[in-house]
Amino acid sequence: MHRFSVLKIPNTQIKLEQNVNILWKQCADILRDNLKPSVFNTWFASLEAIEFRDNRLVLRVRSQFVAEYIEENYIDLLGKVIRRVFGNETTLEYRVLVDSTSGAATTYPSDNGATSATPNMPGILPTEHWDARLNPNYTFQTFIQGETNKLSRTAGVAIAKDPGKTVFNPLFIYGGSGVGKTHLANAIGNQIARENPLLRVLYVNANTFKLQFQEAFNQNKIPDFLLFYQSVDVLILDDIQFFSGLKGTQDTFFHIFNYLHQMRKQLILTSDRSPLQLKDVEERLLTRFKWGLPVEIQRPDLELRKLILRDKMHRDGMHLSDEIVDYIAVNACENIRDIEGILASLMAYSTLMNSEIDMELTKNVVSRLVAVMPKQVQVADVMGAVCEHTGVTEKAIVSQSRQKDVLQARQMFIYLVKTLTDCSLSEIGSTMGNRSHATILHALSTIKKQMEYDKVLKHELQLLEYELKR
């Protein structure tokens, strides 16, 4: 078993801000002595101490992935070393440089020395320091807007400006796993807490609420439990589907809901299904869930997935080619967590293997995390997609019309059928009113040349291709 090196700690009267590099070197020496060389060189050798002020140590890391890996696997050791060298009150933050030109960076707080992840039981929570239990990384800035979440985000922004006073009370956010419900709910809470520091904002998972209720019931402290939750100004209850079948928990929450709503306090609820689809939940609660705004966050579309990818790459300091971004966005189509998992895995492979992220590595990682199944695209699918995208009817596309918009749609159809199916030129011609092999070949040649200079057309065809391959 490793033992800590015996080091002389500098006198506490020394101005620590001026000795951050010296002190961090001592930390690094202790870590080196207590870790395998491969572990130290991979995760700690590149760390830099860039600031120490007001008992807050800031370490520069290569990426968010490195910070998260250290947090998950080595924070106990790192925390002990830092507190030993810098002092028992020291807190830790990580800083990731996301833009070397402008010097822009993203800061991530450490859980070093933090309390447990669930709120204290009502009645023992400190009155002098309210803990909202919000995730500080979940903000409106990091919640990327697209067509599938625009309404929910807009409602969230309105609530954050005037909590409890809008018609969106309660805000009931629902959708599948990993689409951003928890992120948006926390973003609303964080914005309210920043702009209204005197308001009591509380985030709690429904399962935690259930466990707290059971403990309060067992200890005959239900009145204290009710008083605590009735003191909240903004209650964010995540995953309310966990209340299913729990009559006692539902009854208690019913009274809390009524009180908060009557007092014009803000309620934000999330669920993996709409109020109409919740099972074994009392009708009186379901009715109240629909009082405000039930809003769905749908599965992110292709454009939103690409935006999310680029945003996370920027914040993590990652650089991937457009081809790799497109490949991930096309195949990780179910939820945002798949995208996050793929990026984290790519960063891990790249860091551990000390290699660039190329398409071969990307395909390998993606195939391990999501089901990559080549879709058999049908000619009818292509026709439907082109008609919907261009507004040109199928009848017009197969006609002899030479109108500019019809001609363009026809060429797009021919290009996509040739690209996505096994149809020969003659077979394509047959679907187009028995056009000749030469005519189809000419149309293909024309649109390929146009794509070389018309970036808008090229982008449109790429989008259609991605959507058809989903």
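S.K.: So what's going on with the pairing of strand β7 (residues 234-238)? Which residues, and what values?
M.R.: Of all 5 residues in β7, 5 are buried, a share of seventy percent or more. Burial along β7 is two-sided: the residues V234, I236 and D238 and L235 and L237 are all buried. Note that strand β6 (residues 201-205) and β7 share 5 bridges and pair parallel. The residue bridging L202 from the neighbouring strand is L235, located in β7. Alignment of β7 against strand β8 (residues 266-271), held across 4 bridges, turns out to be parallel. Paired with L235 across the two strands is L267, which belongs to β8.

S.K.: Before we move on, could you go through the sheet that holds β6 and cite the residues and values that matter?
M.R.: Pairing in this open sheet of 5 strands is parallel, and the strands run β6-β7-β8-β5-β9 from one edge to the other. Of all strands in the sheet, those with a lone pairing partner are β6 and β9 (293-296), marking the two edges. Across the sheet, the axes of successive neighbouring strands diverge by a mean angle of 15 degrees, strand direction being ignored. Pairing between strand β5 (residues 171-174) and β8: 4 bridges, direction parallel. Residue pairing in the sheet places I173 in a bridge with T270 of β8. The sheet contacts of helix α7 (residues 206-218) involve β6 and β7, and relative to β6 the element is tilted by about 90 degrees. Where helix α9 (residues 247-262) meets the sheet, its contacts fall on β7 and β8, and the angle it forms with β8 comes to roughly 140 degrees.

S.K.: So what's going on with the packing of aromatic side chains? Residues and values would help.
M.R.: Under the definition given, this model contains 19 aromatic pairs. Here the aromatic rings of F209 and F253 are separated by 5.9 Å at their centres, their planes lie at 85 degrees, and the arrangement is edge-to-face. Of the two residues, F209 is situated in helix α7 and F253 in helix α9; the sequence distance between them amounts to 44 residues. Seen in terms of ring centroids, F253 and F257 are 6.1 Å apart; in terms of plane orientation they differ by 70 degrees. Their pairing is edge-to-face. Taken as a pair, F253 and F257 lie in helix α9 at a separation of 4 residues, close to a single helical turn. On the accessibility criterion, F253 (0% relative accessible area) is buried. Look at F257 and you get buried, because its relative accessible area is 0%. A cation sits over an aromatic face here: R284 above F254, 3.9 Å from the ring centre.

S.K.: Can you explain helix α13 (residues 336-353)? Please cite residues and give values.
M.R.: Between its first and last C-alpha atoms α13 spans 26 Å; for 18 residues at 1.5 Å apiece the expected length is 26 Å, and the two agree. Among all positions in α13, only I336, I339, I342, L343, L346, M347, A348, S350 and T351 are buried. Where α13 is buried, its residues meet α2 (37-44), α3 (64-73), α11 (302-316), α12 (322-331) and α14 (359-369). Looking one or two places after α13, you find N354, whose phi comes out positive at around 55 degrees.

S.K.: Report on helix α17 (residues 404-420), specifying residues and quantitative values.
M.R.: Taking 1.5 Å per residue as the helical rise, α17 with its 17 residues ought to reach 24 Å, and the 24 Å between its terminal C-alpha atoms agrees with that figure. Within α17, the full set of buried residues consists of V406, A409, R410, Q411, M412, F413, I414, Y415, L416, V417 and L420. Buried residues along α17 sit in contact with α15 (379-390), α16 (394-397), α18 (425-431), α19 (437-453) and α20 (455-469).

S.K.: Requested: an account of a nonpolar patch on the surface, with residues and values cited.
M.R.: A cluster of nonpolar side chains, Y349, L352 and M353, forms an exposed patch at the surface whose accessible area comes to about 330 Å². Assignment of secondary structure puts L352 in helix α13. Judged by its relative accessible area of 52%, L352 falls in the exposed class.

S.K.: If you had to explain the nonpolar core to someone new, which residues and values would you point to?
M.R.: Residues W24, F44, L57, L78, F86 and L320 are the most contacted members of the largest nonpolar core, which totals 58 residues. Of all hydrophobic cores here, the second largest spans 52 residues; its members include F140, L184, F253 and L286.

S.K.: How would you summarise the pairing of strand β2 (residues 56-61) if you had to cite specific residues and measurements?
M.R.: Pairing geometry for strand β1 (residues 48-53) and β2, over 5 bridges, is antiparallel. Counterpart to E51 in the pairing with β2 is V58.

S.K.: Explain the packing of α15 against α20 residue by residue, including any values.
M.R.: Taken N-terminus to C-terminus, the directions of α15 and α20 make an angle of 135 degrees; their axes are 11 Å apart at the nearest point. Judged by the inter-axis angle, α15 sits oblique to α20. The crossing of α15 and α20 is right-handed. Contact residues: D381, V382, A385 and H389 in α15; E460, L464 and L468 in α20.

S.K.: I'd like a description of the environment of S401, backed by residues and values.
M.R.: Considering the arrangement of structural elements, one finds S401 in the loop between α16 and α17. With residues near it in sequence (within four places) discarded, S401 still touches V406 and R410. There is a polar contact of 3.3 Å between the side chain of S401 and the backbone nitrogen of Q403.

S.K.: Explain the pattern of salt bridges to me, using residue names and the numbers behind them.
M.R.: Counted under the stated rule, the structure contains 15 salt bridges. Two residues, E51 and R56, come together in a salt bridge whose shortest N-O distance is 2.6 Å. Across the pair D251 and K247 runs a salt bridge, and its minimum N-O distance is 3.0 Å. You can see D251 and its partner K247 sitting in helix α9, 4 residues apart, about one turn around the helix. Residues joined by salt bridges that share partners form a network here, namely K247, D251, E282 and R284.

Cut-off values and rules
Residues numbered from 1 in each chain as written. Predicted model: local features only at pLDDT ≥ 70, side-chain atom pairs only at ≥ 80, totals over all residues. Heavy atoms only, no water. Buried < 20%, exposed > 50% of the residue type's maximum accessible area, 1.4 Å probe, protein only. Helix = DSSP H or I, 4+ residues; strand = E, 2+ residues; numbered from the N terminus. Pairing = 2+ DSSP bridges. Axes fitted to C-alpha atoms, helices over the stretch in contact; angles between N-to-C directions. Contact = heavy atoms within 4.5 Å. Phe/Tyr/Trp six-rings, centres within 6.5 Å; stacked < 30°, edge-to-face > 60°. Lys NZ or Arg CZ within 6 Å of the ring centre and 35° of its normal. Expected span 1.5 Å × (residues − 1). Patch = residues over 30% accessible without salt bridge, like charges linked within 9 Å, V, L, I, M, F, W, Y side chains within 5 Å. Areas by Shrake-Rupley, 256 points an atom, 1.4 Å probe, with all protein chains shown as cover. Salt bridge = Lys/Arg side-chain N within 4 Å of Asp/Glu carboxyl O. Core = buried A, V, L, I, M, F, W, Y, C linked by side-chain atoms within 4.5 Å. Parallel < 35°, antiparallel > 145°, perpendicular 65-115°, else oblique. Left-handed = near helix turned anticlockwise from the far one by under 90°. Polar contact = N/O pair within 3.5 Å; in protein donor to acceptor, adjacent residues only side chain to side chain.

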